[in-house]
Amino acid sequence: MITKLAVFDFDNTIIDVNSDTFVDRILLRLINDTKKKYYDYPSEIERLTQCHNWTHRMNAVFSYMNSEHSIQRQDIINCMHEIIIDDSMKQLLQRMYLEAFELIIISDANSIFIQEILHKNNLNHIFSKIYTNQADFCAQTGCLKVQPFNESFNFNKELFNCPTEICSSNICKGEVLKRHLVDIGLSNLTKIVYVGDGRNDYCPGLCLRECDFYCVRENYSLSKLLDKRTNLKECLMTKIIKWHTAKDLLEIF
């Protein structure tokens, strides 16, 4: 029986970068412009974020990389293997695993990125469940294709409609956590730890009880949102724990 649950975001939480923008390094190296962090994609690709959601934009990015620059499966995997998880984060995850926490990830990244990074860092055995956008490489072209999370999670593939209006239509992490808690039995849990950094990590915080731990990364978008909109803090039952690096979390857990 599971009695302790630890829930982690992935980008800027388990890893210290955003994997979706880290992949830009492939193209930046091709044009010998490694001083920049982000590649300048055509405007029609960037406009997709405004019209749809981030996952649609990323599919257009992968299509552009493949069709315009012949970027293949191994190019992307090699890039993800460059991402090294901080030693303190590794220690935290391994400690929780040994202390019989169930560890899960809820992320708006994609399954290929997450699995390859975890595998390279010898952490692929740690997590019992990864909720994210499913991805695979096209056998014919080698292009990475990402399925929006709502299409695999929601019974009718409908978009999420988060009541907080903070989550994206692609994924409401609060709804994901609620379903997971039903599946494993909330009443059995003596402790839930949630660790995240982004605005879409607010909604899961509403699922936490007074005895749980809500770990918000300092100076990232969730922390700034809570500082700006104090009414959102008042809706939380649990205490907010601010952290800068995984070392801070190691001192608590």
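The following paragraphs examine the structure supplied in this document. Being a predicted model, the structure only gives us computed values, none of them experimental. (Residues numbered from 1 in each chain as written. Predicted model: local features only at pLDDT ≥ 70, side-chain atom pairs only at ≥ 80, totals over all residues. Heavy atoms only, no water.)

**A short note on helix α10 (residues 173–184)**
Working step 1: A rise of 1.5 Å per residue sets the reference length of α10, with its twelve residues, at 16 Å; its end C-alpha atoms lie 17 Å apart and thus fit the reference within 8%.
Working step 2: Within α10, burial applies to Lys173, Gly174, Val176, Leu177, His180, Leu181 and Ile184. Relative to the axis of α10, the buried residues are bounded by an arc of 160 degrees and lie together on one face. Exposed residues on α10 whose side chains face more than 90 degrees from its buried face are Val182 and Asp183. (Helix = DSSP H or I, 4+ residues; strand = E, 2+ residues; numbered from the N terminus. Expected span 1.5 Å × (residues − 1). Buried < 20%, exposed > 50% of the residue type's maximum accessible area, 1.4 Å probe, protein only. Arc of directions from axis to C-beta.)

**What to know about the pattern of salt bridges**
Working step 1: Tallying each qualifying case throughout the model produces eleven salt bridges.
Working step 2: Notably, a salt bridge pairs Arg57 with Glu46, separated by 3.0 Å at the nearest N-O pair. Within this pair, whereas Arg57 is found in helix α5 (residues 54–69), its partner Glu46 is found in helix α3 (residues 43–46), the two being separated by eleven residues in sequence.
Working step 3: Among the residues examined, Glu46 registers a relative accessible area of 32% and is labelled partly exposed.
Working step 4: Between Asp227 and Lys242 there is a salt bridge, with the nearest N and O atoms lying 3.6 Å from each other. Here Lys242 lies in strand β7 (residues 240–243) and Asp227 lies in helix α12 (residues 221–228), a separation of 15 residues in the sequence.
Working step 5: By relative accessible area, Asp227 is classed as partly exposed at 42%.
Working step 6: You can call Lys242 partly exposed: its relative accessible area is 31%. (Salt bridge = Lys/Arg side-chain N within 4 Å of Asp/Glu carboxyl O.)

**Some points on the sheet that holds strand β5 (residues 191–196)**
Working step 1: Across the sheet, seven strands lie side by side as β4-β3-β2-β1-β5-β6-β7; this open sheet has mixed pairing. Two strands in the sheet have a free side with no partner beyond their single neighbour: β4 (144–147) and β7. Across the sheet, the mean angle from the axis of one strand to that of its neighbour is 25 degrees, orientation sign disregarded.
Working step 2: Pairing analysis gives four bridges linking strand β6 (residues 213–217) to β7, with the strands arranged parallel. The residue of β7 that forms the bridge with Tyr214 is Ile240.
Working step 3: Strands β2 (102–110), β3 (129–137) and β4 of the sheet are contacted by α5, whose axis makes an angle of about 170 degrees with β4.
Working step 4: Together, β1 (4–8), β2, β3 and β5 form the strand contacts of α10, whose direction differs from that of β2 by roughly 150 degrees. (Pairing = 2+ DSSP bridges. Axes fitted to C-alpha atoms, helices over the stretch in contact; angles between N-to-C directions. Contact = heavy atoms within 4.5 Å.)

**Description of the nonpolar core**
Working step 1: Counting 55 residues, the largest nonpolar core has Phe8, Ile14 and Phe62 as its most contacted members.
Working step 2: Those residues in contact with Ile14 that sit more than four places away from it in its chain are Phe8, Asp9, Ile85, Met89, Leu93, Ile105 and Phe127. (Core = buried A, V, L, I, M, F, W, Y, C linked by side-chain atoms within 4.5 Å.)

**Here we look at empty space enclosed by the protein**
Working step 1: This structure, assessed with the given rule, holds one cavity of 30 Å³ or more.
Working step 2: Quantified by volume, the largest cavity comes out at close to 40 Å³.
Working step 3: Of all the elements in the fold, those that place two or more residues in the lining of the largest cavity are α5 and β2.
Working step 4: For the lining of the largest cavity, the leading source of residues is α5, giving four residues.
Working step 5: For the lining of the largest cavity, the per-class residue count stands at five nonpolar, three polar and two charged. (1 Å grid on protein atoms, 1.4 Å probe; cavity = no way out; pocket = protein on both sides within 12 Å on 5 of 7 lines; lining within 4 Å. Points joined across faces, edges and corners; volume = space filled by probe spheres on them. Nonpolar A, V, L, I, M, F, W, Y, C, P; charged D, E, K, R; others polar.)

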